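Residue-level structural notes
Here's the letter readout for the chains.
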Amino acid sequence: MIRYLSAGESHGPELTVIVDGFPSGLRVSRDELNRQLKRRQLGYGRGYRQQIESDEVEVTSGIRFGETLGSPITLRIANRDWVHWTERMSIWDEPPANLKRVTRPRPGHADLGGAIKYQHEDIRNILERASARNTATLVAAGALARQLLRHFGIEVASHVVEIGGIRAQQWTNDWSAWVQAAESSPVRTADAQAEAQMMAKIDEAKERGDTLGGVFEVVVRGCPVGLGSHVHPDRKLDGRLAQAIMSIQAIKGVEIGLGFEAARRWGSQVHDPIHYENGRYTRPSNGAGGLEGGITNGQPLVVRGAMKPISTLYTPLMSVDMVTKQPEPAAVERSDYCAVPAASVVAENVVAWVVADAFLEKFGGDSIAEIAERVEAYQRQVAKR
Ligand code: EPS
């Protein structure tokens, strides 16, 4: 229903994303788009790049007087760091005489496979696009989707539940308090005790010249019953969410609801009994994470992602120089020690995108007004079931 195409190198002039298929008549807040970009830049354990950048979106099409037109929306995010890279990343000039090519691939990055596949002698030609810098475009597109969802009462939030093996043990059930706790934590965790331990562990990673991964959890509340479908892989919402989360840089695993834990329990301790109270279906638990058979069941969606430690190590692992074929330590590119809090924000916006897509699939419509009519008609129908 909606689609996007992004472009841009990490140290090129800008990142660009074109969003297509958005309905007309959605009032868009530029501040809110920029707020999401800002959130992505935060987090304890981030590298120096985030001090250079102050990501802001420039919209050059698809919005007029603050409202979507129904035409493609172009979002541009300038790379402030570009000024330091104009020669090394020049689009037209010859390479400078003193250009240092990257020839020692970093284990865990796209470096080796990319350089072989695209026949590049300079691994930079791969790493520039493979860089997690591009997650800014995912956030920008997702931040638009999120405004559409909010218009229809659907909210998305997230927290970090694990960093470097340290787990958040407890957090409040109250939505606003939970969101507030995660937002104010430097590691986006809602468990104050775990927060101190996570930060200490990140300090340790820094000292060792090492990196840390972790797990984040995204929750969507207010989803109507019936988004997604049970019929095909590309219509099942759980499959679509997993695909989208897995394609965020450094993500190695996805869980929905109880996820892997469900595989360890009796069926009777996994599935959520169905009750009918005050004219609607309710569930006393949410092991399914809001999805049964690829269809939303009206419970909050709960999606987790596992992020590996970032693959640039300041104390590098061994690699091979692709020119000499001699053993050499891997290249060191400026990087983060831990970017799980940032990945959590990226995932929120990616999930918002997927849910908005499923929402538009269900309710169609070229304008917000048309969609609103369909949502209301559906709600009347659901109330009778
Ligand atoms: C990132 C920008 C990058 C990295 C990081 C994430 O900028 P630079 O390479 O100039 O430091 O800091 O990307 C990676 C660690 C990676 O491996 O891709 C960002 O804006 O999120």
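I will try to describe carefully the structure that is included in this document. These numbers were taken from a predicted model, which means no experiment stands behind them. (Residues numbered from 1 in each chain as written. Predicted model: local features only at pLDDT ≥ 70, side-chain atom pairs only at ≥ 80, totals over all residues. Heavy atoms only, no water.)

1. So, the overall build of the chain
When helices and strands are counted, the chain shows 10 helices and 17 strands. Relative to the compact-globule value of 21 Å for 385 residues, the chain shows a C-alpha radius of gyration of 22 Å, a close match. Reported as C-alpha extents along the three principal axes, the dimensions of the chain are approximately 75 × 50 × 40 Å. Burial analysis of the chain (385 residues in total) assigns 49% to the buried set. Relative to all contacts within the chain whose residues are 6 or more apart in sequence, the contacts with residues 24 or more apart total 69%. Of the roughly 19400 Å² of accessible surface on the chain, a fraction of 51% belongs to carbon and sulfur atoms. (Helix = DSSP H or I, 4+ residues; strand = E, 2+ residues; numbered from the N terminus. Rg over C-alpha atoms; globule rule 2.2 N^0.38 Å. Buried < 20%, exposed > 50% of the residue type's maximum accessible area, 1.4 Å probe, protein only. Contact = heavy atoms within 4.5 Å. Areas by Shrake-Rupley, 256 points an atom, 1.4 Å probe, with all protein chains shown as cover.)

2. Looking at the nonpolar core
Counting residues in each nonpolar core, the largest one holds 76 residues, and the members touching the most others are Val19, Phe22, Leu75, Ile163, Ile245 and Phe359. Per element, the largest residue contribution to this core is 15 residues, and it comes from helix α9 (residues 340-363). Leaving out residues up to four positions away in the same chain, Val19 has contacts with Arg3, Tyr4, Pro72, Ile73, Leu75, Ala141, Leu144 and Trp353. (Core = buried A, V, L, I, M, F, W, Y, C linked by side-chain atoms within 4.5 Å.)

3. Some words on the packing of helix α1 (residues 30-41) against α9
At a minimum axis distance of 7 Å, the contact between α1 and α9 shows a crossing angle of 145°. Only Ala342, Val345, Val346, Glu348 and Asn349 of α9 make contact with α1, whose side of the interface consists of Gln36, Arg39 and Arg40. Here the residues of the contact of α1 with α9 are counted per class, giving 3 nonpolar, 2 polar and 3 charged. (Axes fitted to C-alpha atoms, helices over the stretch in contact; angles between N-to-C directions. Nonpolar A, V, L, I, M, F, W, Y, C, P; charged D, E, K, R; others polar.)

4. Things to note about the sheet that holds strand β15 (residues 301-307)
Ordered in space as β8-β7-β9-β15-β10, the 5 strands form an open sheet in which the pairing is antiparallel. Each edge of the sheet is formed by a strand with only one pairing partner; in this case those strands are β8 (166-167) and β10 (251-256). Together, β9 (214-221), β10 and β15 form the strand contacts of helix α8 (residues 237-246), whose direction differs from that of β10 by roughly 155°. (Pairing = 2+ DSSP bridges.)

5. Points about the environment of Gly153
Here Gly153 lies in the loop between α5 (135-151) and β7 (155-163). Expressed as a C-alpha distance, the spacing of Gly153 and Tyr337, which sit 184 residues apart in the sequence, is 36 Å. With residues near it in sequence (within four places) discarded, Gly153 still touches Arg221 and Gly222.

6. Examining the site of the ligand
Around the ligand lies a shell of 13 residues, among which His11, Arg40, His109, Ala132 and Arg334 are the nearest. Between the ligand and Arg49, the relevant distance is 2.8 Å, taken from an oxygen atom to a side-chain nitrogen or oxygen of the residue. Within the side chain of His109, one N or O atom sits 2.8 Å away from an oxygen atom of the ligand. Contact with the protein chains hides 93% of the accessible area of the ligand, taken as 470 Å² for the molecule alone. When grouped by side-chain class, the residues that make up the shell around the ligand number 2 nonpolar, 5 polar and 6 charged. (Near = heavy atom within 4 Å. Polar contact = N/O pair within 3.5 Å; in protein donor to acceptor, adjacent residues only side chain to side chain.)

7. Re the packing of aromatic side chains
Scanning all chains against the criterion turns up 7 aromatic pairs. With a centroid separation of 5.5 Å and an interplanar angle of 35°, the aromatic rings of Tyr314 and Tyr337 are classed as tilted. You can see Tyr314 sitting in the loop between β15 and β16 (318-320) and its partner Tyr337 sitting in the loop between β17 (327-329) and α9, a full 23 residues away along the chain. Through successive ring pairs, a cluster of aromatic residues spans Phe152, Phe359, Phe363 and Tyr378. Here the guanidinium or amino end of Lys117 rests over the ring plane of Tyr118, the centre of that ring lying 5.4 Å away. (Phe/Tyr/Trp six-rings, centres within 6.5 Å; stacked < 30°, edge-to-face > 60°. Lys NZ or Arg CZ within 6 Å of the ring centre and 35° of its normal.)

8. A word on α8
Every buried residue of α8 is accounted for by Leu237, Arg240, Leu241, Ala244 and Ile245. Here the buried residues of α8 occupy an arc of 125° about the axis, which is enough to place them on one side. Check the buried side of α8 and you find it contacts β9, β10, β13 (291-292), β14 (295-296), β15 and α9. (Arc of directions from axis to C-beta.)

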